[in-house]
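Here's the letter readout for the chains.
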Amino acid sequence: MQKTKLGVSVALMGAALYFLGLFSGYVALIILAGYVLLMEENVWLKKTAVKSVALLLLFSLILSVLGLIPSLVNFIDDTVNIFGGSFYISFLTNIISMLRSGINLIQTVAFLILGLKALSQGTIRIPMIDNMVDKCFESQG
């Protein structure tokens, strides 16, 4: 079993990257990923660090884009309120809320499964993310 410079197994460190993305968000994940990229030599672990940050960014981007729609509806409502009117599309807001809940569920399941797979130094391929990570590591051989 390969160990990191901190003395823990590479697999446990990989799992920690995914679980930090799930439970703690950006700060702790970026600190640990930065440590891995700067100090560790294991390529699988480095790819896992980049993949976990990229995956968290992807989910945040999707949720932010979905959040634009209710924000636009609120902006229109605020503008119409100036003139004494009201503008609200409850159906659209409910659909966006459902989509955001679904994406949060997918995010939780993805990070849990990836974290558990990482305990055996495995992964699940997510084509868009893995292709980007592979491109980042092409020149390192």
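Nothing here was measured: the structure is a model prediction, and the numbers come from that model. (Residues numbered from 1 in each chain as written. Predicted model: local features only at pLDDT ≥ 70, side-chain atom pairs only at ≥ 80, totals over all residues. Heavy atoms only, no water.)

A few points about the overall build of the protein
Next, step 1: Broken down by element type, the protein carries five helices and zero strands.
Next, step 2: The order of helices and strands in the protein, counted from the N terminus, is α-α-α-α-α.
Next, step 3: For 141 residues, the compact-globule formula gives about 14 Å, and the C-alpha radius of gyration of the protein, at 20 Å, lies well above that figure.
Next, step 4: Going through the 141 residues of the protein one by one, you find that 35% of them count as buried.
Next, step 5: Expressed as a percentage of contacts within the protein between residues at least 6 apart in sequence, the contacts between residues at least 24 apart total 67%.
Next, step 6: Of the roughly 8500 Å² that the protein leaves accessible, carbon and sulfur atoms contribute 69%.
Next, step 7: Measuring between centres, the 9 positive side-chain charges of the protein sit 10 Å from its 7 negative side-chain charges. (Helix = DSSP H or I, 4+ residues; strand = E, 2+ residues; numbered from the N terminus. Rg over C-alpha atoms; globule rule 2.2 N^0.38 Å. Buried < 20%, exposed > 50% of the residue type's maximum accessible area, 1.4 Å probe, protein only. Contact = heavy atoms within 4.5 Å. Areas by Shrake-Rupley, 256 points an atom, 1.4 Å probe, with all protein chains shown as cover. Lys, Arg positive; Asp, Glu negative; His and termini not counted. Charge placed at Lys NZ, Arg CZ, Asp CG, Glu CD.)

As for the packing of aromatic side chains
Next, step 1: Following the criterion strictly, the structure yields three aromatic pairs and no others.
Next, step 2: Their ring planes at 50° and their centres at 6.4 Å tell us that Phe-59 and Phe-111 sit as a pair that is tilted. Separated by 52 residues along the polypeptide, Phe-59 in helix 3 (residues 43-82) and Phe-111 in helix 4 (residues 90-118) bring together distant segments of the chain. Taken individually, Phe-59 and Phe-111 each receive the classification buried, so the pair is uniform in this respect.
Next, step 3: Grouping aromatic residues by their ring pairs yields a cluster made of Tyr-18, Phe-59 and Phe-111. (Phe/Tyr/Trp six-rings, centres within 6.5 Å; stacked < 30°, edge-to-face > 60°.)

Some words on the pattern of salt bridges
Next, step 1: Considering all chains together, one arrives at five salt bridges under this definition.
Next, step 2: Here Lys-5 and Glu-41 are joined by a salt bridge, their closest N and O atoms 3.9 Å apart. Here the residue Lys-5 occupies a position in the segment before helix 1 (10-23), and Glu-41 occupies one in the loop between helix 2 (26-39) and helix 3, the gap between them amounting to 36 residues.
Next, step 3: In this structure Lys-5 comes out as exposed when scored by relative accessible area, which is 54%.
Next, step 4: The salt bridge partner of Asp-130 is Lys-51, with a shortest N-O separation of 3.2 Å. On the criterion of sequence distance, the pair formed by Asp-130 in helix 5 (residues 127-137) and Lys-51 in helix 3 is long-range, its members being 79 residues apart. For the residue pair Asp-130 and Lys-51, the accessibility class agrees, reading buried in each case.
Next, step 5: By sharing partners, the salt bridges in this structure join Lys-47, Lys-51, Arg-125, Asp-130 and Asp-134 into a single network. (Salt bridge = Lys/Arg side-chain N within 4 Å of Asp/Glu carboxyl O.)

Re helix 3
Next, step 1: With 40 residues, helix 3 should reach 58 Å at 1.5 Å per residue; the first-to-last C-alpha distance of 58 Å fits that figure.
Next, step 2: At the N-terminal boundary of helix 3, the capping side chain belongs to Asn-42, with an oxygen 2.9 Å from the backbone nitrogen of Trp-44.
Next, step 3: Backbone geometry just downstream of helix 3 places Gly-84 in the positive-phi region, at approximately 85°. (Expected span 1.5 Å × (residues − 1). Polar contact = N/O pair within 3.5 Å; in protein donor to acceptor, adjacent residues only side chain to side chain.)

So, unusual backbone geometry
Next, step 1: If you check the backbone angles, Gln-121 has positive phi at about 55° while not being a glycine.
Next, step 2: Assignment of secondary structure puts Gln-121 in the loop between helix 4 and helix 5.

Brief notes about the nonpolar core
Next, step 1: Residues Leu-17, Val-36, Leu-45, Leu-55, Phe-59 and Phe-111 are the most contacted members of the largest nonpolar core, which totals 30 residues.
Next, step 2: Those elements that place two or more of their residues in this core are helix 1, helix 2, helix 3, helix 4 and helix 5.
Next, step 3: No other element matches helix 3, which puts eleven residues into this core.
Next, step 4: Sequence-distant contacts of Leu-45, defined by excluding residues within four places in its chain, comprise Thr-4, Val-10, Met-13, Gly-14, Leu-17, Val-36 and Glu-40. (Core = buried A, V, L, I, M, F, W, Y, C linked by side-chain atoms within 4.5 Å.)

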